[in-house]
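What follows is the residue order along each chain.
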There are 2 protein chains.
Amino acid sequence: MTARLATVDDADVVARLLHDFNTEFDTPSPGADVLARRLRRLLGGDSTFAVLGGEPPIAVGLVTLRTNVWYEGRVALLDEMYVEPSRRGQGIGSEVIELVLATCRARAVDLVEINVDERDVDAQRFYERHGFHAADPDTGERAFYFELEL
Amino acid sequence: MTARLATVDDADVVARLLHDFNTEFDTPSPGADVLARRLRRLLGGDSTFAVLGGEPPIAVGLVTLRTNVWYEGRVALLDEMYVEPSRRGQGIGSEVIELVLATCRARAVDLVEINVDERDVDAQRFYERHGFHAADPDTGERAFYFELEL
């Protein structure tokens, strides 16, 4: 088990992994330096945490916590989850998500959320293996993620 | 234009509308009293706001703000949006969402997010009319919302 909670001192390595993630999927990134600056602030607060997997780290899960009117505790969003391509299929992602969930439980989180690409069936199966479901347990209905940049 | 930002003193009316929302859609609710207690705390902070529509209010939008590593400003999630059934189709929902977006802009929000039920095509069209899109602008791909209660 190599997964561990990131500290403020890990901001640079978390930033590099997130930047690599966006580069792999052709998504714009503000660059590792900007991400590291933001992460030094965010990881020092109590509403963001990151889990690193591998030594040296080659996987990351980034989580944001918030309040929600439907729950007494907090709600967590897994903002990003990334394993370097050459190291996939070795269980490192599972170690990361399990430590994410254990950390959420320790921080009084009642619900963990993730948005998963419609065509990324492998990722959907990965999260389902770890207990997530797309269908609302009450209505049996899935939901799409919508966004608007301001 | 009847939409207005809710204050802590509106916690009871916001709670009643949210409770009615869940009752209409057969989703469990902790009850209006519990919701009102939580809302008095949440609406008094700087990471939750609510917009009321109609006088007396018959519509509500509830928004949670959080930080995010990809943006310099904050990210907003429209947790709930509800218009009483007998008052739909009168533009009150549009007034609410427009004040939600204006409030987000005023609070340095860079991205607004919503999860919309897959089969609720009317709601999807409503949000698209107000500028939201399901497909990621970079990848052209939609995403499903996944959750896990702890």
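Chemist: Would you mind going over the overall build of chain A with me for this structure?
Modeler: Looking only at helices and strands, chain A has 4 helices and 6 strands in total. For chain A, the sequential pattern of α-helices and β-strands runs β-α-α-β-β-β-α-β-α-β. Across its three principal axes, chain A shows a C-alpha extent of roughly 40 × 40 × 30 Å. Counting all 150 residues of chain A, 53% fall into the buried class. Within chain A, contacts between residues separated by at least 24 positions form 60% of all contacts whose residues are at least 6 apart in sequence. Within the structure as shown, chain A displays about 6700 Å² of accessible surface, and the carbon and sulfur contribution to it stands at 49%. Separation between the mean location of the 16 positive side-chain charges and that of the 27 negative ones in chain A comes to 4 Å.

Chemist: Can you help me understand the relation of the copies chain A and chain B in this one?
Modeler: For the match of chain A to chain B, the screw axis carries a shift of 0.0 Å, the RMSD comes to 0.0 Å, and the turn is 180 degrees. Between the two chains, the operation in question is that of a two-fold axis. Rotation axis and chain A: the residue whose C-alpha lies nearest the axis is F144 of chain A, separated from it by 2.4 Å. Interface residue correspondence from chain A to chain B reaches 98%, placing this contact among same-surface, isologous pairings.

Chemist: Sorry, what's going on with the packing of helix α1 (residues 11–24) of chain A against helix α2 (residues 32–42) of chain A here?
Modeler: Packed helices, taken two at a time, are described by their axes: the angle between them and the distance between them. Residue and element names in this part refer to chain A. For the pair α1 and α2, interaxial distance at closest approach is 8 Å and the crossing angle is 135 degrees. Overall, the two elements α1 and α2 adopt an arrangement that is oblique. The handedness of the crossing between α1 and α2 comes out as right-handed. Here A11, D12, V14, A15, R16, L18 and H19 of α1 come into contact with α2, specifically with A32, L35, A36, L39 and R40.

Chemist: I'm lost on the pairing of strand β4 (residues 74–83) of chain A in this one. Help?
Modeler: The two faces of the sheet receive side chains in turn, since in a regular strand these alternate between them. All names here are of chain A. Counting buried positions over the 10 residues of β4 gives 9, a clear majority of the element. In this sheet, β4 lies alongside strand β3 (residues 59–66) in antiparallel orientation, the contact comprising 8 bridges. The partner of L65 across the bridge, within β4, is A76. Pairing of β4 with strand β5 (residues 109–117), which is carried by 4 bridges, proceeds in the parallel orientation. Its bridge partner lying in β5, V75 is registered against L111. In the classification by handedness, the crossover that spans β4, the intervening helix α3 (residues 92–106) and the parallel β5 is right-handed.

Chemist: What should I look at first to understand helix α2 (residues 32–43) of chain B in this one?
Modeler: In this model, α2 of chain B (12 residues) spans 15 Å end to end at C-alpha, consistent with the 16 Å of a helix rising 1.5 Å per residue. Of the surrounding secondary structure, the elements contacted by the buried residues of α2 of chain B are α1 (11–24), β2 (48–53) and β3 (59–66) of chain B.

Chemist: Quick question: what am I supposed to make of the side chain of E84 of chain A here?
Modeler: Residues and elements named next belong to chain A. Inspection of the secondary structure assignment puts E84 in the loop between β4 and α3. The class of E84 is buried, set by a relative accessible area of 18%. Setting aside its immediate chain neighbours within four residues, E84 contacts R16, L17, D20 and I58.

Chemist: So what exactly am I meant to see when it comes to the pattern of salt bridges here?
Modeler: Should their charged atoms come close, side chains of opposite charge can pair. Taken as a whole, this structure holds 24 salt bridges over all chains when the rule is applied. A salt bridge links E118 of chain B to R142 of chain A, with the nearest nitrogen and oxygen atoms 3.0 Å apart. Placement of the pair is E118 of chain B in the loop between β5 (109–117) and α4 (121–129) and R142 of chain A in the loop between α4 (121–129) and β6 (143–149), with the two residues belonging to separate chains. The exposure class of R142 of chain A is partly exposed, given its relative accessible area of 32%.

Chemist: Looking at this structure, how should I read unusual backbone geometry?
Modeler: Both trends apply: most residues other than glycine have a negative phi, and most peptide bonds are in trans. All names here are of chain A. Along the chain, E55 connects to P56 via a cis peptide bond; the corresponding omega equals 5 degrees. Considering the arrangement of structural elements, one finds P56 in the loop between β2 (48–53) and β3. Unlike most non-glycine residues, A108 shows phi in positive territory, near 60 degrees. Mapped onto the fold, A108 is located in the loop between α3 and β5.

Chemist: Which parts of the structure should I look at to understand the packing of aromatic side chains?
Modeler: Any aromatic ring pair is given by two values, namely how distant the centres are and how the planes are angled relative to each other. Applying the stated criterion across every chain yields a total of 9 aromatic pairs over all chains. Ring centres 5.1 Å apart and planes at 75 degrees place the aromatic pair F126 of chain A and Y127 of chain A in the edge-to-face group. The residues F126 of chain A and Y127 of chain A share a single accessibility class, namely buried. Seen in terms of ring centroids, F144 of chain A and F144 of chain B are 5.0 Å apart; in terms of plane orientation they differ by 15 degrees. Their pairing is stacked. With F144 of chain A in strand β6 and F144 of chain B in strand β6 (residues 143–149), this pair bridges two chains. Among the residues examined, F144 of chain B registers a relative accessible area of 2% and is labelled buried.

Criteria and thresholds
- Residues numbered from 1 in each chain as written.
- Chains lettered and ligands numbered in written order.
- Predicted model: local features only at pLDDT ≥ 70, side-chain atom pairs only at ≥ 80, totals over all residues.
- Heavy atoms only, no water.
- Helix = DSSP H or I, 4+ residues; strand = E, 2+ residues; numbered from the N terminus.
- Buried < 20%, exposed > 50% of the residue type's maximum accessible area, 1.4 Å probe, protein only.
- Contact = heavy atoms within 4.5 Å.
- Areas by Shrake-Rupley, 256 points an atom, 1.4 Å probe, with all protein chains shown as cover.
- Lys, Arg positive; Asp, Glu negative; His and termini not counted.
- Charge placed at Lys NZ, Arg CZ, Asp CG, Glu CD.
- Least-squares fit on C-alpha atoms with pLDDT ≥ 70 in both.
- Axes fitted to C-alpha atoms, helices over the stretch in contact; angles between N-to-C directions.
- Parallel < 35°, antiparallel > 145°, perpendicular 65-115°, else oblique.
- Left-handed = near helix turned anticlockwise from the far one by under 90°.
- Pairing = 2+ DSSP bridges.
- Right-handed = clockwise from strand over helix to strand, strands pointing away.
- Expected span 1.5 Å × (residues − 1).
- Salt bridge = Lys/Arg side-chain N within 4 Å of Asp/Glu carboxyl O.
- Phe/Tyr/Trp six-rings, centres within 6.5 Å; stacked < 30°, edge-to-face > 60°.

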